[in-house]
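Report on the structure
Each chain, letter by letter, is given below.
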Amino acid sequence: CVRLRGQCRSHKVKRQKDGVGAQSINRELTLLSVVFRHAMRLGYARTNPVRDVERLRVSKRPPRFLSHEEVERLLGEARHTYLYPLVLGALHTGMRKSELFHLQWSDVDFVANTITVQGKADWHTKNYDFRTIGMTRLLRETLEIVDTNRERHQPHVFTYQGKPLTTHVACT
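In this text the structure is predicted, and so the values were computed from the model without any measurement.

Thoughts on the sheet that holds strand 3 (residues 131-134)
Pairing in this open sheet of 3 strands is antiparallel, and the strands run 1-2-3 from one edge to the other. Of all strands in the sheet, those bounded by a partner on one side alone are strand 1 (108-109) and strand 3.

This is the structure in structure tokens:
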């Protein structure tokens, strides 16, 4: 156990020398710790040597916001693509990527001019809570166009070739 703990510490130092970020190293240590806890539950290990390995301090940085010029450039690049409504939705609502990918037409209320972010049967919001966001005029107009042109059987707001957008689909 002492040998394994030393190996974990050596691994941490080696990863730092390799230029790996503190947060990534901490995630690796956490994953190893989870594996050892599971091994202990199953009787394959008596102790968790990673438990006592000190995690690295991660300095918190303030969030970076896009400048007005960057927003205009981003919207300009996306303007005539299937990603434009998604990019506009992100910029005008502040919704998380997973919230946008799971947004359904039943969450969009054109009468109240709102979007409700809420969990689904196969997905939940970050804090398991729901919230309602007002739509800007431009976002509403854009979503109305998307709604008019969509396949009626598709419940998701943001799609590509009739399929819901995912990180994989949006990045190809």
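A few points about helix 4 (residues 84-93)
Of all 10 residues in helix 4, 7 are buried; the element is thus mostly enclosed. Burial in helix 4 covers these residues: Tyr84, Pro85, Leu86, Val87, Leu88, Gly89 and Thr93. Where the residues of helix 4 are buried, they touch helix 3 (68-78), helix 5 (97-101), strand 2 (114-117), strand 3 and helix 6 (137-149). Remark: Gly94 follows helix 4 within two positions and exhibits a positive phi of approximately 75°.

Remarks on a nonpolar patch on the surface
A cluster of nonpolar residues, Leu66, Leu74 and Leu91, forms a patch on the protein surface that exposes about 220 Å² of accessible area. Within the secondary structure layout, Leu91 lies in helix 4.

Side note on the packing of aromatic side chains
Counting across every chain of the model gives 2 aromatic pairs. With a centroid separation of 4.0 Å and 35° between ring planes, the pair formed by Tyr82 and Tyr160 is classed as tilted. On the criterion of sequence distance, the pair formed by Tyr82 in the loop between helix 3 and helix 4 and Tyr160 in strand 4 (residues 159-160) is long-range, its members being 78 residues apart. Classification of Tyr160 as partly exposed rests on a relative accessible area of 29%. Ring geometry for Trp105 versus Phe110: centroids 6.4 Å apart, planes at 35°, classification tilted. Each member of the pair, Trp105 as well as Phe110, carries the same accessibility label: buried.

A closer look at the nonpolar core
Nonpolar side chains tend to gather and get buried jointly when the protein is soluble and globular. If you look at the biggest cluster of nonpolar residues, it comprises 24 residues, and the most contacted ones within it are Val108, Ile115, Leu143 and Phe158. Where this core is concerned, the elements lending two or more residues are helix 3, helix 4, helix 5, strand 2 and helix 6. Ranked by the residues each element gives to this core, the list is headed by helix 4, at 4 residues. Leaving out residues up to four positions away in the same chain, Ile115 has contacts with Thr93, Met95, Leu103, Asp107, Val108, Arg131, Thr132, Ile133, Met135, Leu139 and Leu143.

How each quantity is defined
- Residues numbered from 1 in each chain as written.
- Predicted model: local features only at pLDDT ≥ 70, side-chain atom pairs only at ≥ 80, totals over all residues.
- Heavy atoms only, no water.
- Pairing = 2+ DSSP bridges.
- Helix = DSSP H or I, 4+ residues; strand = E, 2+ residues; numbered from the N terminus.
- Buried < 20%, exposed > 50% of the residue type's maximum accessible area, 1.4 Å probe, protein only.
- Contact = heavy atoms within 4.5 Å.
- Patch = residues over 30% accessible without salt bridge, like charges linked within 9 Å, V, L, I, M, F, W, Y side chains within 5 Å.
- Areas by Shrake-Rupley, 256 points an atom, 1.4 Å probe, with all protein chains shown as cover.
- Salt bridge = Lys/Arg side-chain N within 4 Å of Asp/Glu carboxyl O.
- Phe/Tyr/Trp six-rings, centres within 6.5 Å; stacked < 30°, edge-to-face > 60°.
- Core = buried A, V, L, I, M, F, W, Y, C linked by side-chain atoms within 4.5 Å.

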